[in-house]
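# Coordinates in review
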Amino acid sequence: MSDRSQFDYIIVGGGSAACVVASELVGKGKARVLLLERGPAKANPIMHFPAGYMKFLAKDTYLAMHKTKPQPQLDGRGPIVPQGRVLGGGSTVNAMVYMRGQAADYDRWNAAITSPGANNDGAWSYSDLLPYFKAQEDNDHLGGEFHGVGGPLKISHLGHTSAMTRTYVKTLQGMGIPYNPDFNGAHQFGVGFMQHTIDWVTHRRCSAVDAFLRPVMDNPLLTIETGATVTGLGMEGDRVASVDYVQNGSRKSATAGKEVILAAGAYQTPKLLMLSGIGPEDELSRHGIKTRVALAGVGKNLQDHYECPVVATTKGSFGYYGQDRGWPMIKAGLQYMMFKTGPVSTTGVETCAFYDPEGNNDEPTIQMFCVPTVYLDRDVMGTDPGDGVTINSLLLRPKARGSVTLSSADPFADPIIDTQIFGHPDDLRVTMAGFRFARTVLAASPMRELIDKEIFPGVEVTSDEAIAAHCKRMVKTGYHPVGTCKMGHDEDTEAVLDATLKVRGTRGLRVVDASLMPAIVSGNTNAAVLAAAGKAADLILA
């Protein structure tokens, strides 16, 4: 950059949080903003279609596929954990589910940043965040106390549901789990159809770029640089004043007159802090990095959602097997292009249930998805894919805490991610209970009338030891890493951020992405990140 002082704010990362904050700083704050994203500016146009994300789900085209540290409690497995790498981040590549979580999740955030014995309110409770959810939302049919109308983020139900999806919803109601028409309303317990970030008029994805960034993209106050990998933060004393990055092989630097804002995600944000000398002293010295600010909690407190499957074949075609190739794909594509209906207008995962297998349904612990196809490949199951159903039980609030550390002082090297999946015995126990309940769903009417047989892990897997082995072998990420630069009160020695999201011990530096969460929310995390970023923007502008 020829003029190092041309920006008021520099935002590192271009995901959901970055899009919200950039929009607010430029639109309301009339500030000069530089946004740096290491991925490309646009994804393939097919990603705009609700079903399109499935074409890229297992590819590194728009995802950084992080390897993780082998886990002894998983018999040495180290599952891959992806992270969005494109402008818009996860909102550009995810399955578009809009799920806020439980009110108690945010009340726990508030408790985490309120000093013991203090009467002050940290202002991060659900009642504090609800206005941000509502202000952002333009819901296709919900309003009132819990939903917004007229905001930039389009929220709707899917344009198509399969016979298997509808059967699943009916089956669970027959098993005593009530129908819930709004998982983002008064309570979460129940079974129903999920809301998605899909425009109900165009039936296209509404990413954070579409909702928040695009309206200010032509504003001369905003500069967006893609293909830009940030290598370090420049400090003047305790103030973070500049950002170094590499773009197209060239080293560049930019200066922030007011603040540098980290929005690179739960893996990359702590990595960048540590590379810049902000973090645990022992970790920094291990890589020859001078400690500028000693913060023990940087990279700690990693949390994610984890899920385990049970798979059955069906007596007919009640879902989406084979719909992504040949004549069925052509027919579905034509239907979508002409009428905005049919299989292309669905994400393929249309319903879920929230419940607690131990009976505390005021705060469900499992989100159980119905995927109306055989979700796993032959190498895993030992049998060919076909018409079927996969029921995934996802653990909402794991007790184990993982970490992100440096593999080296090389800014282009991936960090070491220690997931600690099933690192707490309660996590495995609740997951196993969810797996057992998923089996009872397959055996209940009217679902059982559609089921041929369980093919994975197989009906012979019944003992605690065998089910535990299955869960350890098959557990995978829910794509929701959070918590590695958590907010906390002054007495919390591992709190990286204060209640205003400022990095402790520094000036001019904040974190606004999923890293800020003291505890993971009980739902798909994109909604929570968007609302938290809305509040973050107000804190910055204040």
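Residues numbered from 1 in each chain as written. Predicted model: local features only at pLDDT ≥ 70, side-chain atom pairs only at ≥ 80, totals over all residues. Heavy atoms only, no water.

## Some remarks on the overall build of the protein
As a reminder of what qualifies: Counting from the N terminus, the helices are the DSSP runs of H or I reaching at least four residues and the strands are the DSSP runs of E reaching at least two. As a reference, a globule follows 2.2 Å times the number of residues to the power 0.38, and the radius of gyration itself is taken over C-alpha atoms. The rule is simple: take the accessible area with a 1.4 Å probe, protein chains only, and divide by the maximum for that residue type; under 20% is buried, over 50% is exposed, in between is partly exposed.
When you go through the protein residue by residue, the secondary structure sums to 13 helices and 22 strands. Here the C-alpha atoms of the protein give a radius of gyration of 23 Å, agreeing with the 24 Å that 2.2 N^0.38 yields for 542 residues. The principal-axis extents of the C-alpha atoms in the protein amount to approximately 70 × 50 × 50 Å. For the protein, the proportion of its 542 residues judged to be buried stands at 60%.

## Quick word on the UniProt feature "binding site: FAD" (unreviewed entry) in the protein
We apply this condition: UniProt positions are given in the numbering used here, feature names are shortened, and annotations may be inferred rather than shown by experiment. Pairs of residues are marked as contacts when any of their non-hydrogen atoms sit within 4.5 Å.
Cross-referencing UniProt, the feature "binding site: FAD" (unreviewed entry) maps to Val86, Asn94, Ala95, Met96, Val97 and Val230 in the present numbering. Look at the named residues: they lie 145 residues apart in sequence, and the longest C-alpha span between them is 29.6 Å, so in the fold they stay spread out. Relative to the assigned elements, Asn94 resides in the loop between α2 (90–93) and α3 (103–112). Among the secondary structure elements, Val230 is positioned in strand β9 (residues 228–236). The residues contacting Val230, other than those within four sequence positions of it, are Val12, Leu36, Val243, Asp244, Tyr245 and Leu272.

## Regarding the UniProt feature "domain: Glucose-methanol-choline oxidoreductase N-terminal" (unreviewed entry) in the protein
The UniProt entry lists residues 84–107 and 265–279 under the feature "domain: Glucose-methanol-choline oxidoreductase N-terminal" (unreviewed entry), expressed in the numbering used here. From the first C-alpha to the last, residues 84–107 spans 28 Å; its make-up is 38% helix and 4% strand. End C-alpha to end C-alpha, residues 265–279 measures 16 Å, and it is 73% helix and 13% strand.

## A word on the pattern of salt bridges
The test is simple: The term salt bridge refers to a pairing of a side-chain nitrogen on Lys or Arg with a carboxyl oxygen on Asp or Glu at a separation within 4 Å.
A complete count under the given rule lists 19 salt bridges for this structure. Between Lys399 and Asp426 there is a salt bridge, with the nearest N and O atoms lying 2.6 Å from each other. Of this pair, Lys399 sits in the loop between β17 (388–395) and β18 (403–405) while Asp426 sits in helix α11 (residues 425–442); the two residues are 27 residues apart in sequence, bridging distant segments of the chain. For Lys399, a relative accessible area of 47% translates into the label partly exposed. Between Arg439 and Glu454 there is a salt bridge, and its shortest N-O distance comes to 2.9 Å. Highlighted residues: Arg439 in helix α11 and Glu454 in strand β20 (residues 451–456), separated in sequence by 15 residues. Pair check on accessibility: Arg439 and Glu454 agree, each one buried. Linked by salt bridges that have partners in common, Glu358, Lys399, Asp426 and Arg429 make up one network.

## Considerations on the packing of helix α1 (residues 16–27) against helix α13 (residues 526–541)
Describing two packed helices takes the angle between their axes plus the distance from one axis to the other. Defined as follows: Every axis corresponds to a line fitted to the C-alpha atoms, with the helix fit spanning only the stretch in contact, and the corresponding angles, defined between N-to-C directions, vary from 0 to 180 degrees. Should the near helix be turned anticlockwise from the far one by less than a right angle, the crossing is left-handed, and should it be turned clockwise, the crossing is right-handed.
Interaxial distance between α1 and α13 falls to 8 Å at its minimum, and their mutual angle equals 30°. The crossing of α1 and α13 is right-handed. On α13, the residues touching Ser16, Ala17, Val20, Val21, Glu24 and Leu25 of α1 are Asn526, Val529, Leu530, Ala533, Gly534, Ala537, Asp538, Ile540 and Leu541.

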